[in-house]
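Take a look at the letters that make up each chain.
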Amino acid sequence: MTTCSPRPDRPTTTSPRPIPSPAASTTARAWAELLRLPALFTVPGDALAGAATTGTRPNPHTLLAIASSLCLYEAGMALNDWADQAEDALERPHRPLPSGRVRPSAALVSAGALTAAALALAARAGRPALAVAAPLAATVWAYDLALKRTPAGPAAMATARGLDLLLGATATGGSARPALPAALTLATHTLAVTSVSRGETRGGSPLAPLAALTTTGMLAWTLTRPPGAPGTAPSRHLAAVPSRHPAADALRTVLAAAFVTTSGRPLLHAALNPSPPLTQRAVGGGIRAMIPLQAALAARSGALASALVTAALAPAARRFARKVSVT
């Protein structure tokens, strides 16, 4: 078969590339802000850390759990802004809903659709995964609509993050039990960050950042301890990995240091000056710090490949966070 080339005596024309309309660009930016897209990079590590505790390599069901988690996370983001319309109109009028760039009805519909998609994906991963995804979805909606401003708010958010890790474990291995210690660790960090977030718009006491900073140090110390040491819960996956594997030890140390740096430094600044801007930076740092924390949890279970894949998400999260706020 021969190919035809344009005749030299007939000039060729090329169609100009379409230029995105300003309206389309503005709409995309508004939805990126509404859904806090950079924070999505902190989600896959939940399922990967949970899967690591089961002693089973990630499989297609693990990918379904990740997709379900992503949908539920975005559902929570949309629902959060829908529930906060009145407050944001006063304190953050630049947000997509009070500024009119996204319709409130569209945010609510997207939250419902994303939740339905998340449950469908979890069901495809198996009955144990759906048994975790259903209360996780209920917790997300309860937090945004009722619990956020109550004393139970931080605990509800922590519960949601812990359940998200358990979703990865149940989808991969069918049981949540081996993932409970890792889920508790992630929930503890989430509890601390959520407590700090209550001063995002008005500032507050330095006590919450100080408590979160202390929690960060305690969790980092736990992460660097060898698996099976007193006070740590062994993982079934460690049966195939020596408790003092040099590569695992080195990787855990590096990840623990990244966790402390990402979360601890802005928390220290917020503790010294709990102003709204510094508090927001502390919350953003705490959210991004979930990535090295998840990676360290995977490494503690001996899943070094999952740990490295999770850690690789951190640069992208940091880069996109410069364009769209994660808080």
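Residues numbered from 1 in each chain as written. Predicted model: local features only at pLDDT ≥ 70, side-chain atom pairs only at ≥ 80, totals over all residues. Heavy atoms only, no water.

What about the packing of aromatic side chains?
One pass over the full model with this rule turns up 1 aromatic pair. Relative to Phe320, the ring of Phe41 has its centre 5.5 Å away and its plane inclined at 25°; by these criteria the two rings are stacked. With Phe41 in the loop between helix 1 (22-35) and helix 2 (44-52) and Phe320 in helix 14 (residues 313-321), the pair connects residues that are 279 residues apart, well separated along the chain. (Phe/Tyr/Trp six-rings, centres within 6.5 Å; stacked < 30°, edge-to-face > 60°. Helix = DSSP H or I, 4+ residues; strand = E, 2+ residues; numbered from the N terminus.)

Points about helix 9 (residues 207-224)
For helix 9, spanning 18 residues, the distance from its first C-alpha to its last is 26 Å, which sits close to the expected 26 Å at 1.5 Å a residue. Within the sequence span of helix 9, burial applies to Pro209, Ala212, Thr215, Thr216, Leu219, Ala220 and Leu223. All buried residues of helix 9 lie within an arc of 135° about the axis, which places them on one face of the element. Pointing more than 90 degrees away from the buried face of helix 9 are the exposed residues Leu207, Met218 and Trp221. Looking at the buried side of helix 9, the elements it contacts are helix 8 (180-197), helix 10 (246-272) and helix 12 (290-300). (Expected span 1.5 Å × (residues − 1). Buried < 20%, exposed > 50% of the residue type's maximum accessible area, 1.4 Å probe, protein only. Arc of directions from axis to C-beta. Contact = heavy atoms within 4.5 Å.)

Section: the side chain of Thr279
On the secondary structure map, Thr279 appears in helix 11 (residues 276-288). Judged by relative accessible area, which is 3%, Thr279 ranks as buried. Those residues in contact with Thr279 that sit more than four places away from it in its chain are Val196, Gly199, Glu200, Ala270 and Pro274.

Brief notes about the packing of helix 2 against helix 12
It is the contact of helix 2 with helix 12, at a shortest axis distance of 8 Å, that shows an interaxial angle of 15°. Overall, the two elements helix 2 and helix 12 adopt an arrangement that is roughly parallel. Note that helix 2 runs across helix 12; the crossing there is left-handed. Along the contact surface, helix 2 presents Gly45, Asp46, Ala49 and Ala52, while helix 12 presents Gln294, Leu297 and Ala298. For the contact of helix 2 with helix 12, the per-class residue count stands at 4 nonpolar, 2 polar and 1 charged. (Axes fitted to C-alpha atoms, helices over the stretch in contact; angles between N-to-C directions. Parallel < 35°, antiparallel > 145°, perpendicular 65-115°, else oblique. Left-handed = near helix turned anticlockwise from the far one by under 90°. Nonpolar A, V, L, I, M, F, W, Y, C, P; charged D, E, K, R; others polar.)

A short note on the environment of Gly174
Mapped onto the fold, Gly174 is located in the loop between helix 7 (153-173) and helix 8. By relative accessible area, Gly174 is classed as partly exposed at 37%. Separated by 46 residues in the primary sequence, Gly174 and Pro128 place their C-alpha atoms 5.8 Å from one another. With near-sequence residues (within four places) excluded, Gly174 lies in contact with Pro128 and Ala169.

Regarding the layout of surface pockets
To find leftover empty space, one rolls a probe the size of a water molecule over the atoms. Roughly 990 Å³ of internal volume is contained in the largest pocket. In terms of lining residues, the largest pocket is bounded by 37 residues, among which Asn80, Tyr143, Met157, Thr194 and Ser197 are the most central. Elements with a contribution of two residues or more to the lining of the largest pocket: helix 3 (60-83), helix 4 (85-91), helix 6 (127-147), helix 7, helix 8 and helix 11. (1 Å grid on protein atoms, 1.4 Å probe; cavity = no way out; pocket = protein on both sides within 12 Å on 5 of 7 lines; lining within 4 Å. Points joined across faces, edges and corners; volume = space filled by probe spheres on them.)

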